[in-house]
Amino acid sequence: MAFDLDMIKKVYDRYSTRVAAARKATGKHLTLTEKILYAHLSEGDAHTAFGRGVDYVDFAPDRVAMQDATAQMALLQFMQAGRPQVAVPSTVHCDHLIQAKIGATEDLSTAKDVNKEVYDFLASVSDKYGLGFWKPGAGIIHQVVLENYAFPGGMMIGTDSHTPNAGGLGMIAIGVGGADACDVMAGLPWELKFPKLIGVKLTGKLSGWTSAKDVILKVAGILTVKGGTGAIVEYFGEGARSLSATGKGTICNMGAEIGATTSIFGYDEKIADYLKGTTRADIATLADAVAEHLTGDPEVYANPEQYFDQVIEINLTELEPHVNGPFTPDLAWPISKFATAVRENHWPFQLDVGLIGSCTNSSYEDITRSASIAKQATDKHLKTKSEFTITPGSELVRYTVERDGYLATFESMGGVVLANACGPCIGQWARHTDDPTRKNSIITSFNRNFAKRNDGNPNTHAFVASPEIVTAFAIAGDLTFNPLVDTLTNELGEQVKLDEPLGIEMPIKGYAVEDAGFQAPAEDGSHVEVKVDPKSSRLQLLDPFTAWEGTDITGLRLLIKAKGKCTTDHISMAGPWLKFRGHLDNISNNMLIGAINYFNNTADSVKNELTGEYGPVPATQRDYKAHGIGTIVVGDENYGEGSSREHAAMEPRHLGVRAILVKSFARIHETNLKKQGMLGITFADSNDYDKIQEDDVIDITGLTTFAPGKQLGVVLRHKDGSVDSFAVNHTYNAQQIEWFKAGGALNIIRKQMAS
C-alpha cells in the first residue's frame, strides 16, 4: 500500500537532466506536459523525441493500475508473457462488479458471494506476480489511486478511461487497454503517439453554487466529445491554483469525455496540502525540491498561444453552474438556460432519481458541499421529491464522512448510501422503476451519460452536473427548477430558497479509516497457484490469436454497417455483462448488440448472407466463423469512444472479424485494435461510407506491402455485379505492423520472453 519514495526520487532525479536536454534540443521553454513526457521517455527514445514533430514515442511509466473488470483480461494476458513478477508497481482494484440494489452493506455482501470466483482469481494472481490488491469495498480505483499512489510529475497507465483523474495531483495518467498494461508490467516500453497540447487558462475564483465540475462541463461544451482527441489538456493560471486537489481531479477525470489523452494541473500548494493530509508529506517535501520542474515555465503561461496548439480561457468568477445532456456529455447548458432547454426539447421535467458520488465527484469536499444542501431539506421542512443515492469513492472517504455526521445528514433527507464502488455510473444498478417504457429523467454527478449507460433503459434521459446541483434537483424533483433563483414550497406551505452550498476541502480532524481494504502480495509468489476452472463460465485461459496469413484479405462479408454514435458501450456493453469480463468467449455474446444497423435502423439485427435472414450480431458472426468466412465492421465518426474496455477489440478478433473500417477512431479503441492484431482502417474520403451495401463482398488490398503512411485499398463487389474501389488510411507504424503480422502484440512479447 505504501508509496515507493525511492522510485519517486529516481523520477525526480531524471528531471534536471532531461528538461535541460529538451530545452537545448528545442531551443524553447517547456510546458508541464512536455517536461513530464520528456522525463519518462524510454532510454531508446531519450534523444530522439524532443520536439513535437515526432509520431509514436516509447515511454517508461512508473505504475500500472487496473480495475477488476479489465484486470481479469489484462492479467490473463500477462500470465502468457512468461514473467515471474510485474516490472513496475501495479495494483488491482475491485470496484466494477458490485451492483447497486439495496444499500452498501447488503450489496457488498451479495457481490462478494456472486463474484467470489473472480475475486479469488484476482487476489491469487496478484499474490503470485507481486501486485497490490484492493478488496471489494475498498473504493473506486481512481479515488484510491489519488489517495495513495498519484504523485506530481509521475506517469501512470490504467485500464480504465478515467485514469486521468490522477492529473489532479500533477501526474500524467492515461487510460489504456489491458494489452498496454501487460506490456508495461512485462517491462517493455509503452508506446504513445506524441500528443497535441491544449492549454486551458483559468482566471478568477469559484464562488457560490459553481464548482470544479462546472469547469469541465463548460470545456466539454466547447471541445465536444472528440475535440480533445490526440491531445493532452494542461490547466494553468491563478484560477487553477485556487482549486482544491480533488477539484482538479474531477476536472481531469471527466477529460475522458472530450477524448483527451489525459489532463493535468501543475504542482501547487493545494496539491501539497492534499499530499500532507493523506499521509504523504514525504512526497510533498521531494516535490518542493523540484517544484520548478512540476509546472510549466512562466514564459509558457505568459504567452500560451506560442506553446499550445489551442488555448481556451475561462473566468471562474463568471462561470455558471452547468448541466450537460441528455445522452451525450458535451451538450452543455448553463443553469440559467437549462429550464428553457428542458421545456423546448420536451425532455421529462419530473426528476426520478438524483445520484451523487462516483470516481468523478466523491471527495470529502464534494460530500460536504452536497450535505450542506441536504441539511436544508430537513431544516427548511422540505420533502425530497426524487429518489437520492450517495456513492462514496473510497472507504477512507466513507469512514471519514460518516464519522463527521454527513452520511446521517443524507439519510435524514431520504438518501440511500451505496457501496464504495462504481455502481450506477457504469450500469451496475438494479434500478427500481414503475415502467421501463416511460420516458424519464435522472441527474448524476458522474461523468458519462450515453443512452442506456446507467440503467440499460433507452428511455432514460440522463443529465450530468455537480453533486450540489444534483442534490438541489433531487429535493425539488423538477428539472425546470433553478436553485440559484427559484423558491420551493415546504411542508408548511411556505416559500423557501436554498442557500449556497458550503464545503470543506479537507477534514478538520483529518482522514480516518479502520480497514482501507488493501492486501499486500506475497514476498515470494513462486509457490502461489493460480487456478482457473476449465468449466467456469466467468474465467477462461486465453489462446493466442492466429498470425496474418501473408496475403490480402479477400471475400469478406459485411457484418454490420453501424450508424451514428458507436461507443465501447455499444460494442461491448457493461451492466450484467461485466460478470463475463474474464471469459472471452462468453462475453463475445454481447458484441455490437447496441450498435444501430444502417440498413434497418435496428440494434442487434443484421443480415446473415448465408441464410438471407436477420438475426443477432454475435450469432450471425459465429455462423460466419463456423463456415470460415471473414467479415468486416463499418462504422461512423469517433468509433469506439468511451470506456477503455479492450473487450470491444478482443471480441471481434475472437469471433473472426478481420477489419474495422470507420470514418474516425477514438484513441484508446484504435490502440486496442492494433494490440490485438486487428486491422483498423479509416475512409480516406468519408463519403465512401455511403458506397457500402448490405450484400457486398469486400476485399482489402495492399497488405503485402503494408507500410507506415502507405494507403491500403478496399474493393466492394456489389450484388448487382458492379464494383466500387477506394483508398483507405491507417496510422500503423513499423512496430504496430509487426503486431498485425504476428497476430497481436502479446505473441511478440511471448517470443521475446521465451528467448
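Note on numbering: residues in each chain are counted from 1, in written sequence order. Thresholds applied to this predicted model are a pLDDT of at least 70 for local features of residues and 80 or more for the giving and counting of side-chain atom pairs; totals over whole chains, interfaces and linings are not thresholded and use all residues. Neither water nor hydrogens contribute to the side-chain values; these are computed over all heavy atoms in the structure.

Chemist: Any chance you could explain the sheet that holds strand 31 (residues 712–717) here in plain terms?
Modeler: Within a sheet, neighbouring strands are paired by backbone hydrogen bonds and run either parallel or antiparallel to one another. Strand order in this closed barrel of 7 strands is 22-27-28-29-32-31-30, and the pairing throughout is mixed. Within this sheet the neighbouring strands show an average axis-to-axis angle of 40 degrees, counted without direction. Two strands pair when backbone bridges link them, and strand 29 (residues 679–683) and strand 32 (residues 723–729) are joined in this way by 2 bridges, in the antiparallel orientation. Paired with F683 across the two strands is V728, which belongs to strand 32. Whether two residues are in contact is decided by their heavy atoms, any of which lying within 4.5 Å being enough. A fitted line through C-alpha atoms represents every axis, and for helices the fit uses only the stretch in contact; the resulting angles, taken between N-to-C directions, go from 0 to 180 degrees. Counting from the N terminus, the helices are DSSP H or I runs at least four residues long and the strands are E runs at least two residues long. Across the sheet, helix 21 (residues 617–626) lies against strand 22 (553–561), strand 27 (631–635) and strand 28 (657–662), angled at about 165 degrees from strand 22, the strand it touches most. Pairing between strands requires that DSSP locate at least two bridges from one strand to the other.

Chemist: What is the right way to read the side chain of H461 from this model?
Modeler: Within the element layout of this structure, H461 appears in strand 18 (residues 460–464). Three exposure classes are used, based on accessible area relative to the maximum for each residue type with a 1.4 Å probe and protein chains only: buried under 20%, partly exposed in between, and exposed over 50%. Here H461 falls in the buried class, since its relative accessible area comes to 6%.

Chemist: Help me understand unusual backbone geometry, please; the structure alone is not making it clear to me.
Modeler: Working note: non-glycine residues mostly have negative phi, and peptide bonds are mostly trans. Each neighbour pair has its own omega, and for G325 with P326 the value is 5 degrees, a cis peptide bond. Inspection of the secondary structure assignment puts P326 in the loop between strand 12 (322–324) and strand 13 (332–334). Look at T224: it is not a glycine, yet its phi comes out positive at around 70 degrees. Following the sequence through the fold, T224 ends up in the loop between helix 8 (212–223) and strand 9 (231–236). Classification of T224 by relative accessible area gives partly exposed; the value is 32%.

Chemist: Where do I start with empty space enclosed by the protein in this structure?
Modeler: Where empty space is left can be seen by rolling a probe of water-molecule size over the atoms. In the cavity and pocket records, a cavity denotes points on a 1 Å grid over the protein atoms alone where a 1.4 Å probe fits but cannot get out, a pocket denotes an open set with protein on both sides within 12 Å along at least 5 of 7 lines, and lining residues are residues with an atom within 4 Å of a point. Grid points are joined across faces, edges and corners, and a volume is the space filled by probe spheres set on the points. A complete count under the given rule lists 6 cavities of 30 Å³ or more for this structure. Computed from the structure, the largest cavity encloses a volume of approximately 230 Å³. Looking at the largest cavity, it is lined by 22 residues, and the ones nearest its centre are A256, G259, G642, A666 and I668. Per-element tally for the lining of the largest cavity: the top contributor is helix 23 (residues 667–675), with 3 residues. Counted by class, the lining of the largest cavity contains 8 nonpolar, 10 polar and 4 charged residues. Of the pockets and cavities examined, the second largest cavity occupies roughly 190 Å³. In this structure, the second largest cavity is lined by 24 residues; those nearest its centre are H96, D160, I426, R453 and S643. Per-class residue counts for the lining of the second largest cavity are 8 nonpolar, 10 polar and 6 charged. Throughout this entry, Asp, Glu, Lys and Arg are counted as charged residues, while Ala, Val, Leu, Ile, Met, Phe, Trp, Tyr, Cys and Pro are counted as nonpolar. The remaining residues, Gly among them, count as polar.

Chemist: Is there a simple way to explain the packing of aromatic side chains in this structure?
Modeler: For any pair of aromatic rings, geometry is given as the distance between the ring centres together with the angle between the planes. Pairing of aromatic rings covers Phe, Tyr and Trp, the last through its six-membered ring, and needs centres within 6.5 Å; plane angles under 30 degrees mean stacked, over 60 mean edge-to-face, and all others mean tilted. Overall, the coordinates contain 26 aromatic pairs when judged by the stated rule. When the centroid spacing of 5.2 Å and the interplanar angle of 90 degrees are considered together, the rings of F78 and Y129 count as edge-to-face. With a gap of 51 residues between them, F78 in helix 3 (residues 68–78) and Y129 in helix 5 (residues 116–129) connect regions that are remote in the sequence. A single burial state applies to F78 and to Y129, both of which are buried. Centre to centre, the rings of W134 and Y149 are 6.3 Å apart; their planes meet at 80 degrees, and the pair counts as edge-to-face. Placement of the pair is W134 in strand 4 (residues 132–134) and Y149 in the loop between helix 6 (141–148) and strand 5 (155–158), with a sequence separation of 15 residues. Put simply, the rings of W333, F338, W347, F463 and F473 touch in pairs and so form one group of aromatic residues.

Chemist: Whenever I open this one, the pairing of strand 2 (residues 63–67) confuses me. Can you help?
Modeler: Consecutive side chains along a regular strand alternate between the two faces of the sheet. Buried residues dominate strand 2, accounting for 5 of its 5 residues. Here strand 2 shows no split at all, with R63, A65 and Q67 on one side and V64 and M66 on the other all buried. In this sheet, strand 5 lies alongside strand 2 in parallel orientation, the contact comprising 3 bridges. Within the sheet, the bridge partner assigned to V64 lies in strand 5 and is I157.

Chemist: Explanation requested: the packing of helix 10 (residues 245–253) against helix 11 (residues 269–277) in the structure shown.
Modeler: If you want to describe how two helices pack, look at the angle between their axes and the distance between the axes. Running from amino to carboxyl end, helix 10 crosses helix 11 at an angle of 105 degrees, the nearest separation of the two axes being 8 Å. Taken together, the axes of helix 10 and helix 11 are roughly perpendicular relative to one another. Within the contact between the two elements, helix 10 uses A245, T246 and K248 and helix 11 uses K270, I271 and Y274. Of the residues that constitute the contact of helix 10 with helix 11, the class distribution is 3 nonpolar, 1 polar and 2 charged. Throughout this description, any angle smaller than 35 degrees is read as roughly parallel, any larger than 145 degrees as roughly antiparallel, any in the 65 to 115 degree range as roughly perpendicular, and the remainder as oblique.

Chemist: What exactly am I supposed to notice about the side chain of E147 here?
Modeler: Relative to the assigned elements, E147 resides in helix 6. The sign given to each residue is positive for Lys and Arg and negative for Asp and Glu; His and the chain ends receive no count. The term salt bridge refers to a side-chain nitrogen of Lys or Arg lying within 4 Å of a carboxyl oxygen of Asp or Glu. For the buried E147, no salt bridge exists, and the shortest N-O distance to an oppositely charged side chain is 7.6 Å, to R280. N or O atoms within 3.5 Å of each other form a polar contact, as long as, within protein, one can give a hydrogen and the other can take it, and as long as residues adjacent in sequence are counted only when both atoms are side-chain atoms. A distance of 2.9 Å separates polar atoms of two side chains, one belonging to E147 and the other to Q143. Polar contacts involving the side chain of E147 include one to the side chain of S394, which spans 2.7 Å. Beyond its immediate stretch of four places on either side in the chain, E147 contacts Y274, T278, R280, S394, L396 and V397.

Chemist: I would appreciate a short explanation of helix 23 in the present structure.
Modeler: Of all 9 residues that make up helix 23, 8 are buried, and the element is covered over most of its length. Every buried residue of helix 23 is listed here: R667, I668, H669, E670, N672, L673, K674 and K675. Remark: G677 follows helix 23 within two positions and exhibits a positive phi of approximately 80 degrees.

Chemist: Is there a simple way to explain the sheet that holds strand 11 (residues 310–315) in this structure?
Modeler: Spatial ordering of the open sheet is given by 10-9-8-11, a layout of 4 strands whose pairing is parallel. In the strand order of this sheet, the two ends are held by strand 10 (262–265) and strand 11, each with one partner. On average, each strand axis in the sheet is tilted by 20 degrees relative to the strand beside it, whichever way the strands run. Bridging between strand 8 (residues 196–203) and strand 11 involves 6 bridges; their strand directions are parallel. By the bridge assignment for strand 11, I198 is matched with Q310. Packing of helix 10 onto the sheet brings it into contact with strand 9 and strand 10, and relative to strand 10 it is tilted by some 160 degrees.

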